[in-house]
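Commentary on secondary and tertiary structure
Spelled out from the first residue to the last, the chains are:
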Amino acid sequence: QVQLVESGGGLVQAGGSLRLSCVATGRTFANYDMGWFRQAPGKEREFVASITWTGGGTVADSVKGRFTISRDNPKNTVYLQMNSLKPEDTAVYYCARKRAGAVVVWTNYDYWGQGTQVTVSS
């Protein structure tokens, strides 16, 4: 059984920074690609970033240049560094383990964390 636990969310002013963490249980963390998604009220779940098991990152155009994804396999942890935050980044952020397929499709992920709220005030 895999469990993912996110942390690091909170309230921040526009232009500020947050770093989200996602700790995974299980000994096979290093073998899987991981991703971050977000969902704002009334909106669909949106791809934010993903990272391959070898450390190659991909970020959505909406956050490119502001967000960075990374991982520490010995610590079973994936991070999302978020800089220059905007009010439109406000959402619940989820980390997930990718099973197979395209990184931007949320149904390709099989395990999800409970989410962490990020609120950016203007």
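Below is a summary of the structure that appears in this document. Here the structure is a predicted model, which means the values were calculated and not measured.

Some remarks on the pattern of salt bridges
When the charged atoms of two side chains with opposite charge come close together, those side chains can pair. Here the structure, examined in full by the defined rule, presents 6 salt bridges. The salt bridge involving Asp33 is made with Lys98; its shortest N-O contact spans 3.6 Å. Of this pair, Asp33 sits in the loop between strand S3 (18-24) and strand S4 (34-39) while Lys98 sits in strand S9 (residues 91-98); the two residues are 65 residues apart in sequence, bridging distant segments of the chain. Like Lys98, Asp33 is buried. Each of Arg38, Glu46, Arg66 and Asp89 takes part in a single network of salt bridges with overlapping partners.

Focus: the packing of aromatic side chains
Applying the stated criterion to the full structure yields 6 aromatic pairs. Here the aromatic rings of Tyr109 and Trp112 are separated by 6.0 Å at their centres, their planes lie at 55°, and the arrangement is tilted. An aromatic cluster of at least three residues, connected via ring pairs, comprises Phe37, Phe47, Tyr94, Trp106, Tyr109 and Trp112. If you follow Arg45 out to its NZ or CZ, it ends over the ring of Tyr94, 5.1 Å from the centre. The lysine or arginine in question, Arg45, covers the ring of Trp106, its NZ or CZ lying 4.9 Å from the ring centre.

Quick look at the nonpolar core
Core analysis: the largest hydrophobic core is formed by 32 residues, its most contacted members being Trp36, Val48, Phe67, Val78, Leu80, Met82 and Tyr93. Elements with a contribution of two residues or more to this core: S3, S4, strand S5 (46-51), strand S7 (67-72), strand S8 (77-82), S9 and strand S11 (116-121). Beyond its immediate stretch of four places on either side in the chain, Tyr93 contacts Glu6, Leu20, Trp36, Phe37, Arg38, Val48, Phe67, Leu80, Met82, Gly115, Thr116 and Val118.

Rules behind the numbers
- Residues numbered from 1 in each chain as written.
- Predicted model: local features only at pLDDT ≥ 70, side-chain atom pairs only at ≥ 80, totals over all residues.
- Heavy atoms only, no water.
- Salt bridge = Lys/Arg side-chain N within 4 Å of Asp/Glu carboxyl O.
- Helix = DSSP H or I, 4+ residues; strand = E, 2+ residues; numbered from the N terminus.
- Buried < 20%, exposed > 50% of the residue type's maximum accessible area, 1.4 Å probe, protein only.
- Phe/Tyr/Trp six-rings, centres within 6.5 Å; stacked < 30°, edge-to-face > 60°.
- Lys NZ or Arg CZ within 6 Å of the ring centre and 35° of its normal.
- Core = buried A, V, L, I, M, F, W, Y, C linked by side-chain atoms within 4.5 Å.
- Contact = heavy atoms within 4.5 Å.

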